Amino acid sequence: MTVKTMSKLLPLFLEGEVVKGFGRGSKDLGCPTANYPLKVVQSLPKELEPGVYYGWAQVDKGSVLKMVANIGWCPFYQNKQMSVETHIIHKFSGDFYGSILKICLVGYLRGEKNFSSLDDLIGAIKQDILDAERLLNEAQELKTSSFFTHANIK
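Per an unreviewed UniProt entry, the chain carries the name riboflavin kinase and comes from Arctia plantaginis. Under the UniProt heading Pathway (unreviewed entry), the entry covering the chain gives this text: "Cofactor biosynthesis; FMN biosynthesis; FMN from riboflavin (ATP route): step 1/1."

See below:
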């Protein structure tokens with residue numbers, strides 16, 4: 001997919017309830033993620049390229065925070081269904097299953113790829129987070145979007 005086509009799809013706003021995922025984010029990767037139900041994943045534009053995105057996230061009516069999200073099949077784990085796994089760049093005291101998660105995808109970092117080891121995958125995730133933080137420092141305008149101040153869908 002070309003950058004020009006991608007720019008027509010972004011920013012992209014998603015909203016839904018946080019559900020239990022595969023349980024790998026915190027345990028295997030040291031990177032907790034919030035997962036959307038299948039109906040949110042199925043609502044994605046068909047032209048959206050699988051890969052790693054960066055943007056803004058809000059849990060319930062909390063602060064709008066930086067995030068990075070993997071959208072796709074996670075080739076390392078050979079997922080059978082597409083997923084949206086969002087890592088909010090913030091330390092939370094607990095999980096927030098059942099909360100409403102709003103995300104705004106601002107940009108595309110890289111395509112999905114397989115890794116030869118778990119350590120390689122973890123290294124790529126850490127780099128994705130650093131890249132997202134840097135890029136989001138330059139993309140503050142969507143952080144204050146009215147999307148984050150509208151009533152939740154609950």
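J.: In this structure, what is going on with the pairing of strand S4 (residues 64–72)? I would like to understand it.
T.: Note on strand geometry: in a regular strand, side chains alternate between the two faces of the sheet. With 9 of 9 residues buried, S4 lies mostly within the body of the structure. Relative to S4, strand S3 (residues 51–59) runs antiparallel, the two being bridged by 8 bridges. Residue Tyr53 lies in a different strand from S4, and its bridge partner there is Ala69. Between S3 and S4, which follow one another and run antiparallel, lie 4 residues, and Asp60 among them has a positive phi close to 50°. Bridge analysis of S4 against strand S5 (residues 83–88) gives 6 bridges, and the strand direction is antiparallel. Following the sheet pairing, Met67 is matched in S5 by Ile88.

J.: Can you help me understand the packing of aromatic side chains in this one?
T.: Centre distance and the angle of the planes are the two values used to describe a pair of aromatic rings. Applying the stated criterion to the full structure yields 4 aromatic pairs. On the basis of an interplanar angle of 50° and a centroid distance of 4.8 Å, the ring pair of Phe13 and Phe147 is categorised as tilted. Of this pair, Phe13 sits in strand S1 (residues 12–17) while Phe147 sits in the segment after helix H3 (118–137), and the two are 134 residues apart along the sequence. You can call Phe147 buried: its relative accessible area is 16%. A centroid spacing of 5.0 Å and a plane angle of 65° characterise the contact between Tyr53 and Tyr108, whose relative ring orientation is edge-to-face. Of this pair, Tyr53 sits in strand S3 while Tyr108 sits in strand S6 (residues 100–111), and the two are 55 residues apart along the sequence. Overall, Tyr53 belongs to the buried group, its relative accessible area being 0%. Among the residues examined, Tyr108 registers a relative accessible area of 29% and is labelled partly exposed. Each member of the aromatic cluster is reached from another via a ring pair, and the members are Phe13, Phe147 and Phe148.

J.: Could you clarify how one ought to interpret H3 in this entry?
T.: Quick reminder: α-helices carry 3.6 residues per turn. Residues three or four places apart thus point the same way. Between its first and last C-alpha, H3 extends 29 Å over 20 residues, near the 28 Å set by a 1.5 Å rise per residue. Here H3 has its buried residues at Leu121, Ile122, Ala124, Ile125, Asp128, Ile129, Ala132 and Leu136. For H3, the buried positions fall inside an angular range of 160° around the axis, keeping them on one side. Among the exposed residues of H3, those pointing more than 90 degrees away from its buried face are Asp119, Lys126 and Leu130. In this structure, the buried side of H3 is in contact with S3, S4, S5 and S6.

J.: Whenever I open this one, unusual backbone geometry confuses me. Can you help?
T.: Most peptide bonds are trans, and most residues other than glycine sit at a negative phi. Cis rather than trans, the peptide bond between Leu10 and Pro11 has omega equal to 0°. Phi at Asp60 takes a positive value of approximately 50°, unusual for a residue other than glycine. Within the element layout of this structure, Asp60 appears in the loop between S3 and S4.

J.: Hey, could you run me through the sheet that holds strand S2 (residues 34–35) in this one?
T.: Note on sheets: strands pair through backbone hydrogen bonds, and any given pair is parallel or antiparallel. Spatially, S1-S6-S3-S4-S5-S2 is the arrangement adopted by the 6 strands of the open sheet, whose pairing is antiparallel. If you trace the sheet from one side to the other, it starts and ends with S1 and S2, each paired once. Bridge analysis of S1 against S6 gives 6 bridges, and the strand direction is antiparallel. Within S6, the position partnered with Glu15 by the bridge is Lys102. Here H3 sits on the sheet in contact with S3, S4, S5 and S6, set at roughly 135° to S4.

Thresholds applied
Residues numbered from 1 in each chain as written. Predicted model: local features only at pLDDT ≥ 70, side-chain atom pairs only at ≥ 80, totals over all residues. Heavy atoms only, no water. UniProt positions renumbered as here; feature names shortened; annotations may be inferred. Buried < 20%, exposed > 50% of the residue type's maximum accessible area, 1.4 Å probe, protein only. Helix = DSSP H or I, 4+ residues; strand = E, 2+ residues; numbered from the N terminus. Pairing = 2+ DSSP bridges. Phe/Tyr/Trp six-rings, centres within 6.5 Å; stacked < 30°, edge-to-face > 60°. Expected span 1.5 Å × (residues − 1). Arc of directions from axis to C-beta. Contact = heavy atoms within 4.5 Å. Axes fitted to C-alpha atoms, helices over the stretch in contact; angles between N-to-C directions.

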